[in-house]
Structures are given as structure tokens and as C-alpha cells.
Amino acid sequence: MQIVVNDEAHEVSAKTLAALIDELGYGGARVATAIDGSFVPVPYRARTVLRDGARIEIVAPMQGG
């Protein structure tokens, strides 16, 4: 399936957002996620099905000041 993650095209085999996070190597990281501009909370990732052409944002929190 062809999707866009953080403005970069990817060909992935993941069917859900949780599987995509693992496939892209973010498995243990604390990240925020959105699909097509809508925030997806952690408890919903495993049941959020990806569709071809989806635009996903994966953002890690930053520290500093």
C-alpha cells in the first residue's frame, strides 16, 4: 500500500496504524499520530485501518526551552 508519512512516500505492508508504527521502527517511542489531519490517540491505533493514499503524521515530543 502506498501512503505518505511526514510528507514522504512509503510503500508499506501494515494494515493498521499500530502496525505501521512498528514497521517504520517507532515501536518503543512515545509519539503522537494523525491521519489525514485527525489526531489518533494511542488506544485507537490498533483498530485504525490504513487506506491507500493516507497522509500520516508521526511526531515525537521535543524537550528544551
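Refer to the structure presented above.
Residues numbered from 1 in each chain as written. Predicted model: local features only at pLDDT ≥ 70, side-chain atom pairs only at ≥ 80, totals over all residues. Heavy atoms only, no water.

## So, the nonpolar core
Part 1 of the argument: Counting 14 residues, the largest nonpolar core has Ile 3, Leu 17, Leu 20, Ile 35, Leu 50 and Ile 56 as the members making the most contacts within it.
Part 2 of the argument: Listing elements by their share of this core, those giving two or more residues are β1 (2–5), α1 (17–23) and β5 (55–59).
Part 3 of the argument: Per element, the largest residue contribution to this core is three residues, and it comes from α1.
Part 4 of the argument: Excluding residues that lie within four positions of it along the chain, Leu 17 makes contacts with Thr 33, Ile 35, Val 40, Arg 45, Thr 48, Leu 50 and Ile 56. (Core = buried A, V, L, I, M, F, W, Y, C linked by side-chain atoms within 4.5 Å. Buried < 20%, exposed > 50% of the residue type's maximum accessible area, 1.4 Å probe, protein only. Helix = DSSP H or I, 4+ residues; strand = E, 2+ residues; numbered from the N terminus. Contact = heavy atoms within 4.5 Å.)

## A few points about the side chain of Thr 48
Part 1 of the argument: Assignment of secondary structure puts Thr 48 in the loop between β4 (38–40) and β5.
Part 2 of the argument: On the basis of relative accessibility, which here comes to 18%, the residue Thr 48 falls in the buried class.
Part 3 of the argument: A distance of 2.5 Å separates the side chain of Thr 48 from the backbone oxygen of Tyr 44, its partner in a polar contact.
Part 4 of the argument: For Thr 48, the contacting residues outside a window of four places in its chain are Lys 15, Thr 16, Leu 17, Ile 35 and Val 40. (Polar contact = N/O pair within 3.5 Å; in protein donor to acceptor, adjacent residues only side chain to side chain.)

## Concerning unusual backbone geometry
Part 1 of the argument: The phi dihedral of Asn 6 falls on the positive side, at around 50°, and the residue is not glycine.
Part 2 of the argument: With respect to the helices and strands, the residue Asn 6 is situated in the loop between β1 and β2 (8–11).
Part 3 of the argument: Its relative accessible area of 30% is what places Asn 6 among the partly exposed residues.
Part 4 of the argument: Backbone geometry places Asp 7, a non-glycine residue, at a positive phi of 65°.
Part 5 of the argument: Its location among the elements puts Asp 7 in the loop between β1 and β2.
Part 6 of the argument: Classification of Asp 7 as exposed rests on a relative accessible area of 60%.

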